[in-house]
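One letter stands for each residue in the lines below.
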Amino acid sequence: MKLAVVEGDGIGKEVIPEAVKVLDALSLPIEKVPVEIGYGKWKKTGYAITDEDIETLKNCDCILFGAVTTPPDPEYKSVLLTIRKELDMYANIRPVKPLAGITGVTGKSDFNYVIVRENTEGLYSGIEEIHDDVAYTTRVVSRKGSKRIAEYACKLAKMRNNNVTIVHKSNVMKSDKLFLDVCQQTAESGDVNYSDTLVDAMAYYLITYPEKYDVVVTTNLFGDILSDMSAAHIGSMGLMPSANIGEEHAFFEPVHGSAPDIAGEKIANPVAAILSIKMLLQWYGYNNEASLVERSVNYTLNKGIKTPDLGGEYTTEELGQAVIDSINSQV
Ligand code: NAI
Ligand code: MG
């Protein structure tokens, strides 16, 4: 495996090294390729990402990404959107699962669902127009785009509890009627149990009855909102990993940003970055190693080894090292 490692800015430079150390502790045949992308690079060169960087990323099997600070430039084009588009990573995956010894603000602990968000179209298609006092954003939903995300969700459901919830607003938008139809057909032909829910009601249900869900599939903006909302079940921004997956490439990153408010203090929680490694291992088929990483994170947190965002006093490196110690004690 050839892995591009992008630390990015702010706490990306603190949490990604811990994630890489965890990966190294597993002694797998993985070649790491460091790539500099982000605000730091923009300040030095005027570019946050170059065509050459994109080529480097394309030449790797997958990417581990920290976070980038958005430069204060109205013409700035999102690095993340650029990478997702260029590498056609259409599925954004966010597992929502409790961690040992941690309770989120909802007080729930019996949930285990995954949000599968379409990542390339919807309201984030980038087709925009402004005419004097009216601005238009085109919401694109295609049969092809809907089909591939529906297939991904169904495949994932087959490996879990075989249940897909399709989230949409088809009572108001024709684009979502197409999305719903395609998802239903795909689930039907794949022998996957499915139901559908309007997105506004889903916001309520996901917070109130999270235990009812297995795989939740939806369009770009709805998925963006529901997945951040789901963080309320978990406990900290510093705990949530994510994956962006396409046919040829995959990209793993903590959900959080560069956190300039705590950058440099060495207190950022590395768990989201370390669990991104778990998702990477799972994607590549290193399933035993993926479970080992997850188990070690849970063991460490359960022992009370926590960073300040979780009410603890440990540093980024101390938490990272405790996870590695746990791994080493099990291999
Ligand atoms: P953020 O996620 O960086 O921070 C939000 C809050 O959560 C802050 O109080 C921060 O201290 C805390 N936090 C985040 N991660 C943490 C961790 N691992 N451990 C402990 N506390 C943590 O979001 P914010 O402040 O809105 O954005 C900061 C910068 O990051 C902006 O320039 C934004 O554009 C960028 N950003 C980049 C993302 C990416 O590259 N994927 C995603 C989100 C934001
Ligand atoms: Mg978001």
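Just above, that's the structure.
Thresholds, definitions, all that
Residues numbered from 1 in each chain as written. Chains lettered and ligands numbered in written order. Predicted model: local features only at pLDDT ≥ 70, side-chain atom pairs only at ≥ 80, totals over all residues. Heavy atoms only, no water. Pairing = 2+ DSSP bridges. Helix = DSSP H or I, 4+ residues; strand = E, 2+ residues; numbered from the N terminus. Axes fitted to C-alpha atoms, helices over the stretch in contact; angles between N-to-C directions. 1 Å grid on protein atoms, 1.4 Å probe; cavity = no way out; pocket = protein on both sides within 12 Å on 5 of 7 lines; lining within 4 Å. Points joined across faces, edges and corners; volume = space filled by probe spheres on them. Nonpolar A, V, L, I, M, F, W, Y, C, P; charged D, E, K, R; others polar. Domains from an automatic or database assignment. Near = heavy atom within 4 Å. Polar contact = N/O pair within 3.5 Å; in protein donor to acceptor, adjacent residues only side chain to side chain. Areas by Shrake-Rupley, 256 points an atom, 1.4 Å probe, with all protein chains shown as cover.

**A closer look at the sheet that holds strand E11 (residues 241-245)**
Okay, so step 1: One open sheet holds the 10 strands; their spatial order is E2-E1-E3-E12-E11-E4-E5-E10-E8-E9, and the pairing between them is mixed. Here the strands that pair on one side only, and so sit at the sheet edges, are strand E2 (31-34) and strand E9 (193-198). Each strand of the sheet is rotated relative to its neighbour by a mean of 20°, with strand direction disregarded.
Okay, so step 2: Of the pairings in the sheet, the one linking strand E4 (residues 91-96) to strand E5 (residues 113-118) comprises 6 bridges and is antiparallel in character. Bridging across to E5, valine 96 finds its partner in tyrosine 113.

**A closer look at the layout of surface pockets**
Okay, so step 1: Of the voids in this model, the largest pocket is the one considered here, and its volume is about 780 Å³.
Okay, so step 2: As for the largest pocket, its lining consists of 32 residues, of which Ile93, Tyr152, Leu156, Met279 and Gln282 are closest to the centre.
Okay, so step 3: In terms of residue class, the lining of the largest pocket is made up of 20 nonpolar, 6 polar and 6 charged.
Okay, so step 4: Both of domain 1 (1-89 + 240-331) and domain 2 (103-234) provide at least three residues apiece to the lining of the largest pocket.

**Some details on the site of ligand 1**
Okay, so step 1: What surrounds ligand 1 is a group of 21 residues, the closest being Thr70, Gly257, Ala259, Asp261 and Asn269.
Okay, so step 2: Within the side chain of aspartate 261, one N or O atom sits 2.8 Å away from an oxygen atom of ligand 1.
Okay, so step 3: Within the complex, the protein chains bury 69% of what would otherwise be the 800 Å² of accessible surface of ligand 1.
Okay, so step 4: In terms of residue class, the shell around ligand 1 is made up of 11 nonpolar, 7 polar and 3 charged.

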